[in-house]
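# Analysis of the macromolecular model
Residues per chain, in single letters:
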Amino acid sequence: MIGIYLHIPFCKSKCSYCDFYSVASQSLVQTAVTAMLREVERRKNYFAPAKSFFFGARQATLYIGGGTPSLLPPDTLNTLIQKAIETFCAVPPLEFTVELNPDDVTTEYLHRLRDMGVNRISIGIQSFFGDDLQRLNRRHTAQQAVSSVLMAQKAGFENISVDLMYGLPGMDAKRWRSNLEAALSLGVQHLSAYALTIEKRTPFGVLQRKNKLLLPPEDELVMQHDLLCEVSAKSGFVHYEISNFALNGFFSKHNAAYWQQQPYIGIGPSAHSYNGRQRQSNVASNAQYIKNMEEEGDFFEVENLSQVERYNEYVFTGLRTIWGISLSYLQQIFDKELINYLLNNAKKHIDSKNIVVDGDRLTIPENRWFVADSIIVDLIWA
Ligand code: SF4
């Protein structure tokens, strides 16, 4: 499996918590898309060397994220998509996701997406309460959140994911339960639920530095996390990664491939690529990216991953999923010293049931996922 990610680096406005690279001005949309088309062309052989390493696998997932992909006019989006598909995919993508903001969703737009081959949509709802949405500086209303899902279902989408956030300023367990029940009652197949994290460079980061952001205390956060597990399980959702829940058959193939170290390419400003040995990070500036494309200059930084870095990444991402990490895979790829380090440091966590051994696999059970980072840190080679 290979992953293809297109990053659309524009938003109508910036949300208070968001640290993703995107700009609120849309003046460069067309030139940025032209530059992205150039990037696809310049990197058309990206997967060629990986083909033998990854057993020639060419089945692909395609994910259009951002930023706000739904800001692009459908024809512009379609040009970019078709170029990416014809360049990187031998067969139509197995899973093809587009992120949508609720206020951009129209029936016509959804039908255009279906015509382009999109078979999964991810809607950034975050909350069904108007005051939460205002604090987050989201542009949509609670009503638009609901109608975007209903419209997508009516347009024939059968694989819909929604994003929600908990631990929001002023949020209590009652409100969080209500958000969860609202999302699940809409009949979606996938839920991504993130605890709010405060990034320094965001408006919330500024408010926090001034002591003006009232966040729920730690025990409230634990309660909201437990509620998330309980309510989603009652609706038949499997908690398959720390922040991701889905009905059987609807786990995100694109993200699962990331977590299982499959190769991917990221096109667009700030996008990242990974080929098993190396990570490439595109410049996080629209103007610089466009200039570099026009002048055929370098547009990404390369990080050659050492064995230790690859080990750390595998352990860190794998243990945040229900699949955990595979000892036989580790033995195939990494030196004995790293395997012994892992086994020695895992021992106390196995004894205390923070880690479960099941045949070849080590996993962290769901009831310890809330503290997963503190477990994983012991297994990371520092
Ligand atoms: S719409 Fe999405 S990418 Fe844009 S600012 Fe808000 S959270 Fe960030």
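Model, not experiment: these values are computed from the prediction.

### A few points about the site of the ligand
The immediate surroundings of the ligand are formed by Cys11, Lys14, Cys15, Cys18, Phe20, Ser22, Gly66, Gly67, Thr68, Asn101 and Gly124. Class assignment for the residues of the shell around the ligand results in four nonpolar, six polar and one charged.

### As for the nonpolar core
Grouped together as the largest cluster of nonpolar side chains are 72 residues, with contacts concentrated most on Ile4, Ala84 and Val162. With six residues, helix H3 (residues 74-88) is the single largest residue contributor to this core. Beyond its immediate sequence surroundings of up to four residues, Ala84 is in contact with Ile4, Leu6, Val40, Leu62 and Ile267. With 13 residues, the next largest nonpolar core counts Ile325, Ile355, Leu362 and Ile376 among its residues.

### A word on the domain arrangement of the protein chain
Under the domain assignment used here, the protein chain contains domain 1 (2-258) and domain 2 (307-382). Using only C-alpha atoms to locate each centre, domain 1 and domain 2 end up separated by 28 Å. Tallying the contact residues gives seven residues for domain 1 and seven residues for domain 2. Going through the elements one at a time, helix H9 (218-234) and strand S7 (238-241) are the ones with two or more residues in the side of domain 1 that touches domain 2. Of the residues contributing to the side of domain 1 that touches domain 2, the split by class is four nonpolar, two polar and one charged.

### What to know about unusual backbone geometry
Note the cis peptide between Gly66 and Gly67, where omega equals 20 degrees. The phi torsion at Asn211 lies on the positive side, around 60 degrees, for a residue other than glycine. Position of Asn211 relative to the elements: it lies in the loop between helix H8 (203-209) and H9. For Asn211, a count of 7 C-beta atoms within 10 Å gives the class exposed. A positive phi angle, close to 65 degrees, is found at Lys353, a residue other than glycine. Here Lys353 is to be found in the loop between helix H14 (336-351) and strand S14 (356-358). For Lys353, a count of 11 C-beta atoms within 10 Å translates into the label exposed.

Each value, and the rule that gives it
Residues numbered from 1 in each chain as written. Predicted model: local features only at pLDDT ≥ 70, side-chain atom pairs only at ≥ 80, totals over all residues. Near = placed C-beta within 6 Å. Nonpolar A, V, L, I, M, F, W, Y, C, P; charged D, E, K, R; others polar. Core = buried A, V, L, I, M, F, W, Y, C linked by C-beta atoms within 7 Å. Buried ≥ 20, exposed ≤ 12 C-beta atoms within 10 Å, placed from the backbone. Helix = DSSP H or I, 4+ residues; strand = E, 2+ residues; numbered from the N terminus. Contact = placed C-beta atoms within 7 Å. Domains from an automatic or database assignment.

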